[in-house]
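Summary of the model geometry
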Amino acid sequence: MSELTVDVWIPQALEQVFTAFVDPFQLRRWYGAPPGCHRTGADGDVAPGEPFRVELIDAKGVPFAQLGRILSVEPGEGLVLEMAWEGGNLGRDTTRAAISLRPVDNGTRLEVCQGPFSSQEPLEAHRAYWKANLGRLARVAAGEAVPCFEEFWEESLGFVEPLGVAAYAVLAGLREAGAPPEAIAQLEETLYAHLTRLPEETARVLGAVLHARLNMDPEIQK
């Protein structure tokens, strides 16, 4: 059995960093997803004794989940949680992770101590997991608008069929890039006015082309 320690310094005040733990809109932007994976939703709360479940998909779209329970919370100082996985490739160990925060050099020193792990493989997988998560945490605490898969996922639920989802992705991309709202509204009206006129067979073929292109692109599958 072995334990993992990860220690990082974040150039933001402790209050800002801790807020990113307790504010659900900030939390969903950084916590939960291993490298190459995405968070699609979560149930539960950051409160002592409360269980939680984070829904995820891997790079191939296969769903898995992180299961856990908040064991204790010390406001402004850190928290302790129990973690396990349902699917995925981070192992089958149930571990305890203690996250501590303290002010250092006009920033925040954050330390994660987690274990026990049954072998080195899941330990290293969790090292990469925390590196990815804490990297996003630093950006969120700094006020950066880190792209949130979960938010886009929820927003896109009303768009059906591959072409509808592709149209949503273009519109959301323009919005995130700062395009004027009136330009986006005009494009949205044009897209959906014409896409709805496509013959069903043509829509299916174009949807298949889109799906095949996405599956063939090595950059998308990373």
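Parameters at a glance
- Residues numbered from 1 in each chain as written.
- Predicted model: local features only at pLDDT ≥ 70, side-chain atom pairs only at ≥ 80, totals over all residues.
- Heavy atoms only, no water.
- Helix = DSSP H or I, 4+ residues; strand = E, 2+ residues; numbered from the N terminus.
- Buried < 20%, exposed > 50% of the residue type's maximum accessible area, 1.4 Å probe, protein only.
- 1 Å grid on protein atoms, 1.4 Å probe; cavity = no way out; pocket = protein on both sides within 12 Å on 5 of 7 lines; lining within 4 Å.
- Points joined across faces, edges and corners; volume = space filled by probe spheres on them.
- Disulfide = S-S within 2.5 Å.

**A word on unusual backbone geometry**
With the exception of glycine, most residues fall at negative phi, and the peptide bonds are largely trans. Cis geometry marks the peptide bond from Gly115 to Pro116; its omega dihedral reads 0°. Topologically, Pro116 is positioned in strand 7 (residues 107-117). You will see that Asp105, though not glycine, has its phi angle at about 50°, which is positive. According to the relative accessible area criterion, Asp105 is exposed, its value standing at 63%. At Asn106, a residue that is not glycine, the phi angle is positive and equals roughly 60°. By secondary structure assignment, the location of Asn106 is in the loop between strand 6 (95-104) and strand 7.

**Structural notes on empty space enclosed by the protein**
Inspection of every chain in the model, using the stated rule, returns one cavity of 30 Å³ or more. Reported here for the largest cavity is a volume of approximately 30 Å³. In terms of lining, the largest cavity is formed by Met83, Ala84, Trp85, Leu90, Asp93, Thr95, Gln114, Phe117, Pro122 and His126. For the lining of the largest cavity, the secondary-structure elements that each account for two or more residues are strand 5 (78-86), strand 7 and helix 3 (120-141). Counting residues per element, the lining of the largest cavity draws most heavily on strand 5, which supplies three residues.

**Brief notes about the state of the cysteines**
Taken as a whole, this structure holds zero disulfides when the rule is applied. We note that Cys148 lacks a disulfide partner, and the nearest cysteine sulfur, in Cys37, lies 15 Å from it. Classification of Cys148 by relative accessible area gives buried; the value is 3%.

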